[in-house]
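# Inside the fold
Spelled out from the first residue to the last, the chains are:
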Amino acid sequence: MNKLITLTAFSLFSLSVSALDCVKIGHESGKTYDIEGTMNTFTHVILPENIMRNTTVIVGNSELWTSDTAGPHIYIKPTSTQTQGESTSLSAVGESGTSYDFKINRKKAIKNTCYEVTVGTLFSDSERQALSLRKNDSQDSTSVELARLYRDKYNQATRDAKEQEKTAVLEALRRYRYQIYTRYDWDKPSKTHRKSRNTTNFIGDGFVSDIYDDGRFTYIRVHNQNKGIMIVEAELEGQTEIIEAKFDTLNKMYTIAGIFPKFTLKYADSEFDISRGDNSTFGEY
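So, about the packing of aromatic side chains. The tally for this structure, following the rule as stated, stands at 5 aromatic pairs. Taken together, a centroid distance of 4.6 Å and an interplanar angle of 50 degrees make the contact between phenylalanine 247 and tyrosine 254 tilted. Its relative accessible area of 22% is what places phenylalanine 247 among the partly exposed residues. Exposure remark for tyrosine 254: the relative accessible area of 1% places this residue in the buried category. On the basis of an interplanar angle of 70 degrees and a centroid distance of 6.4 Å, the ring pair of phenylalanine 260 and phenylalanine 263 is categorised as edge-to-face.

Quick look at the structure:
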């Protein structure tokens, strides 16, 4: 999104801002930008880069305004109608060390709830020169030309943004794929084994399809789930405890918070054990 454009000349022509996804703000170092907020919804600010790690946004009036962040996104809204909360400052530092500063004014109603900080200018030097040569043209004609130029640049910026978003999603999926751990073993009992332990006499031999984890959660996919929800037990600090597990009916998937060297799935008098092949590997997290 670093190539997105600014709305520097937006007021020179008639083009509905409400029809756009976000109002564009061209970034200039050391400048504070006025934006608006309302009690009804969060104001969304999109930076041209992620917020620097191990930092948080600074809200000047944090007692009367609330904020949240995710990557390059900032969400902020007032929490009170008190006079002292009519405005607040908002500052964030990007991964490049660039500072982004805003003054947010509280309004009863606002037209724009999304602002996108962009790098670059709306028109090139050659385009500005061409427009200046038309100074003797009618105001309506000049406005139409400005609108056309802006529309072309906005459409190109939108295409660039979508392409970058697609690339980011594919990169995230690629990184996630490298975190998947699949070396799990579980009971696949024979008839002799079933006589000594009630491992599958109720749930069936082929109950589990596959097991894997991503370093944070353990996933157990089953072939069929028509006998009731299983209980998951694991040994923690020498004691057997029930582990939190959620079941996704659509995908027939148990999701367990955390990863464990060994744990047991139980239902009534049926149970079977699961073990992780390499307990020294715990993923990225």
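And the narrative resumes.
Turning our eyes to something else, we now look at unusual backbone geometry. The phi torsion at asparagine 54 lies on the positive side, around 65 degrees, for a residue other than glycine. Tracing the backbone shows asparagine 54 in the loop between strand E3 (43–46) and strand E4 (58–59). With a phi close to 55 degrees, lysine 252 is a non-glycine residue in the positive phi region. Relative to the helices and strands, lysine 252 is located in the loop between strand E15 (245–248) and strand E16 (253–257).

On to the pattern of salt bridges, then. Applying the stated rule across the entire model yields 4 salt bridges. Where arginine 276 meets aspartate 213, a salt bridge forms, and the shortest distance between an N and an O atom there is 2.8 Å. Here arginine 276 is found in strand E18 (residues 270–276), whereas its partner aspartate 213 is found in strand E11 (residues 208–213), with 63 residues between them in sequence. A salt bridge links lysine 266 to glutamate 233, with the nearest nitrogen and oxygen atoms 2.9 Å apart. A residue pair is termed long-range when its members are at least 10 positions apart, and lysine 266 in strand E17 (residues 262–267) and glutamate 233 in strand E13 (residues 231–236) qualify at 33 residues. Assessed through its relative accessible area of 26%, lysine 266 is described here as partly exposed.

Sheet topology places E13 next to E17; 4 bridges connect them, and they run antiparallel. Bridge pairing links isoleucine 231 to lysine 266 in E17. Sheet topology note: the E17/E18 ladder contains 6 bridges and is antiparallel. Paired with lysine 262 across the strands is serine 275, a residue of E18.

The sheet built from 4 strands is open, its strands ordered E11-E12-E16-E15 with antiparallel pairing. In the strand order of this sheet, the two ends are held by E11 and E15, each with one partner. The sheet shows a mean angle of 20 degrees between the axes of neighbouring strands, direction not considered. Here E15 pairs with E16 via 4 bridges, running antiparallel. The residue of E16 that forms the bridge with aspartate 248 is methionine 253.

A word on the state of the cysteines. What the rule picks out here adds up to 1 disulfide. Covalently, cysteine 22 is tied to cysteine 114 through a disulfide, its sulfur atoms 1.8 Å apart. In this structure, the disulfide formed by cysteine 22 and cysteine 114 twists by about 60 degrees around the S-S bond and is classed as right-handed. One end of the pair, cysteine 22, is in the segment before strand E1 (23–26); the other, cysteine 114, is in strand E9 (residues 114–118), and 92 residues separate them in sequence.

Where nonpolar side chains cluster on the molecular surface, the patch consists of Val169, Leu170 and Leu173 and spans about 270 Å² of accessible area. Secondary-structure assignment places valine 169 in helix H2 (residues 139–179). According to the relative accessible area criterion, valine 169 is partly exposed, its value standing at 45%.

Read from one edge to the other, the open sheet built from 5 strands follows the order E10-E18-E17-E13-E14, with strand pairing classed as antiparallel. The open sheet has two free edges, formed respectively by strand E10 (184–186) and strand E14 (239–242), since each of these has just one partner strand. Direction aside, neighbouring strands of the sheet carry axes that sit 25 degrees apart on average. For E13 and E14, the ladder comprises 4 bridges, and the chain directions are antiparallel. Bridge pairing links glutamate 235 to threonine 240 in E14.

Calculation notes
- Residues numbered from 1 in each chain as written.
- Predicted model: local features only at pLDDT ≥ 70, side-chain atom pairs only at ≥ 80, totals over all residues.
- Heavy atoms only, no water.
- Phe/Tyr/Trp six-rings, centres within 6.5 Å; stacked < 30°, edge-to-face > 60°.
- Buried < 20%, exposed > 50% of the residue type's maximum accessible area, 1.4 Å probe, protein only.
- Helix = DSSP H or I, 4+ residues; strand = E, 2+ residues; numbered from the N terminus.
- Salt bridge = Lys/Arg side-chain N within 4 Å of Asp/Glu carboxyl O.
- Pairing = 2+ DSSP bridges.
- Axes fitted to C-alpha atoms, helices over the stretch in contact; angles between N-to-C directions.
- Disulfide = S-S within 2.5 Å.
- Patch = residues over 30% accessible without salt bridge, like charges linked within 9 Å, V, L, I, M, F, W, Y side chains within 5 Å.
- Areas by Shrake-Rupley, 256 points an atom, 1.4 Å probe, with all protein chains shown as cover.

Geometry only, nothing functional implied.
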